[in-house]
Amino acid sequence: MDSAFDRLDAEGFLQIWQHFDADDNGFIEGKELDDFFRHMMKKLGMSDAISDDKVRRIKERFMSAYDSTPDGRLQIQELATMMLPEEENFLLLFRRETPLDNSVEFMRIWRNYDADSSGHISAIELKGFLHDLFLQHEKTISQDQLEKYTDTMMKMFDKNKDGKLELNDLARILALKENFLLKFNMDACSQEDRKRDFEKIFAHYDVSNTGALEGPEVDGFVKDMMELVTPAISGTDLDKFRKVLLGHCDLNGDGKIQKNELALCLGLKYTS
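Conventions adopted
Residues numbered from 1 in each chain as written. Predicted model: local features only at pLDDT ≥ 70, side-chain atom pairs only at ≥ 80, totals over all residues. Heavy atoms only, no water. Helix = DSSP H or I, 4+ residues; strand = E, 2+ residues; numbered from the N terminus. Buried < 20%, exposed > 50% of the residue type's maximum accessible area, 1.4 Å probe, protein only. Contact = heavy atoms within 4.5 Å. Areas by Shrake-Rupley, 256 points an atom, 1.4 Å probe, with all protein chains shown as cover. 1 Å grid on protein atoms, 1.4 Å probe; cavity = no way out; pocket = protein on both sides within 12 Å on 5 of 7 lines; lining within 4 Å. Points joined across faces, edges and corners; volume = space filled by probe spheres on them. Nonpolar A, V, L, I, M, F, W, Y, C, P; charged D, E, K, R; others polar. Expected span 1.5 Å × (residues − 1). Arc of directions from axis to C-beta. Axes fitted to C-alpha atoms, helices over the stretch in contact; angles between N-to-C directions. Parallel < 35°, antiparallel > 145°, perpendicular 65-115°, else oblique. Left-handed = near helix turned anticlockwise from the far one by under 90°. Disulfide = S-S within 2.5 Å. Salt bridge = Lys/Arg side-chain N within 4 Å of Asp/Glu carboxyl O. pLDDT = per-residue confidence, 0-100. Phe/Tyr/Trp six-rings, centres within 6.5 Å; stacked < 30°, edge-to-face > 60°. Lys NZ or Arg CZ within 6 Å of the ring centre and 35° of its normal.

What about the overall build of the chain?
When helices and strands are counted, the chain shows 13 helices and six strands. Split into buried and exposed, the 272 residues of the chain put 44% on the buried side. When contacts within the chain are restricted to residue pairs at least 6 apart in sequence, long-range pairs at least 24 apart make up 59% of them. Carbon and sulfur atoms make up 50% of the accessible area of the chain, which totals about 14400 Å².

Below, the structure is given as structure tokens:
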């Protein structure tokens, strides 16, 4: 597909993405995917007798190469891999250079770039994040490119078009993996099962291995807990629930949640 898109830039890519992600759910799937590959075949000069079978074969070929999940649908980073030249594919920086499998690290980034603690990330704050990311990986970028990339990222991921990124928007940019708490049965009846799950959960969020959750460790746990109830949470919602959780669990008032304090909150008998 390179010859068909050798002059494609990030802005042109965005237009293609928005056209084929017709229901704006963050994926190209189902009929959208078939329409996309029909379009690609025409761009490649294969417009003669494009049958359903030909579409299916070429779709299988490219999905096997680019559907990294694999889940039978294209995410925006996967499509960028397919269509954008390396120098334009800044989107891949987030998946390749900042793989996140823990909400604690995600919240560390969120707190760092939500510099004014407003509960969202503005365009200026996003630009600071992009600048630092390129700098960290020794990639040269001009001020004009930085402005362009910031604008493009906002257009791609600001779902409600208010000029701000919410927690969920940033999670999509950083390709944050599935909520860790979904691995567990929260209705487990056996005390033994609940204690075993608790140990795994606490160890996951206690990344500093101190026996207490603090700072972004509390944030990460709160974020994942809230998302079990509602998938769309804001930074403001998280801050409110964090305050409630600390008020309920932080029995000694040190601003941290000790392992035995969290166990008590969850109705478990814990002895160190």
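Next comes the rest of the account.
Comments concerning empty space enclosed by the protein
Taken as a whole and judged by the stated rule, the model has one cavity of 30 Å³ or more. There is about 50 Å³ of room inside the largest cavity. Along its surface, the largest cavity is lined by D101, N102, S103, L176, K177, E178, N179, F180, H204 and D224. For the lining of the largest cavity, a count of residues per class yields two nonpolar, four polar and four charged.

Comments concerning helix 3 (residues 52–66)
Compared with the 21 Å implied by 1.5 Å per residue over 15 residues, the 21 Å span of helix 3 between its first and last C-alpha is a close match. Of all the positions in helix 3, only V55, I58, K59, F62 and M63 are classed as buried. End-on view of helix 3: buried residues confined to an arc of 130°, all on one side of the axis. Away from the buried face of helix 3 by more than 90 degrees, exposed residues R61, S64 and A65 are located.

A closer look at the packing of helix 7 (residues 123–136) against helix 8 (residues 143–157)
Closest axis-to-axis distance for the helix 7/helix 8 pair is 9 Å, and the angle between their directions is 120°. Between helix 7 and helix 8, the angle falls in the class oblique. Helix 8 is crossed by helix 7, and the crossing has right-handed handedness. Two secondary-structure elements touch here, helix 7 through A123, L126, K127, L130, H131 and F134 and helix 8 through Q143, L146, E147, Y149, T150, M153 and M154. Residue classes in the contact of helix 7 with helix 8 are distributed as eight nonpolar, three polar and two charged.

As for the state of the cysteines
Within the structure shown, the criterion is met by one disulfide. Note on cysteine connectivity: C249 is disulfide-linked to C265, with sulfurs 2.1 Å apart. Here the residue C249 occupies a position in helix 12 (residues 235–249), and C265 occupies one in helix 13 (residues 259–265), the gap between them amounting to 16 residues. Looking at C249, the relative accessible area reads 1%, which means it is buried. Given the relative accessible area of 25%, C265 is considered partly exposed.

Some points on the pattern of salt bridges
The full count for this structure, using the stated rule, is 20 salt bridges. E214 serves as the salt-bridge partner of K256, at 4.0 Å between the closest nitrogen and oxygen. Of this pair, K256 sits in the loop between helix 12 and strand 6 (257–258) while E214 sits in the loop between strand 5 (212–213) and helix 11 (216–227); the two residues are 42 residues apart in sequence, bridging distant segments of the chain. Given the relative accessible area of 30%, E214 is considered partly exposed. Overlapping salt bridges bring together D53, R56, R57 and E60 as one network.

Here's the deal with the confidence of the model for the chain
Averaged over the chain, the pLDDT score is 82; the fraction of residues at 70 or greater is 86%. For the chain, helix 5 (residues 92–97) is the element with the lowest average pLDDT, namely 60, and strand 5 is the one with the highest, namely 96.

Describing the packing of aromatic side chains
For the structure on display, the rule yields eight aromatic pairs. With a centroid separation of 5.5 Å and an interplanar angle of 85°, the aromatic rings of F20 and F36 are classed as edge-to-face. A residue pair is termed long-range when its members are at least 10 positions apart, and F20 in helix 1 (residues 10–20) and F36 in helix 2 (residues 31–43) qualify at 16 residues. A ring pair is formed by F36 and F37, whose centres lie 5.1 Å apart and whose planes are at 75°; its orientation type is edge-to-face. Residue F36 shares its accessibility class with F37, and that shared class is buried. What links up through ring pairs into an aromatic cluster is the set F20, F36, F37 and F62. If you follow R73 out to its NZ or CZ, it ends over the ring of F27, 3.5 Å from the centre.

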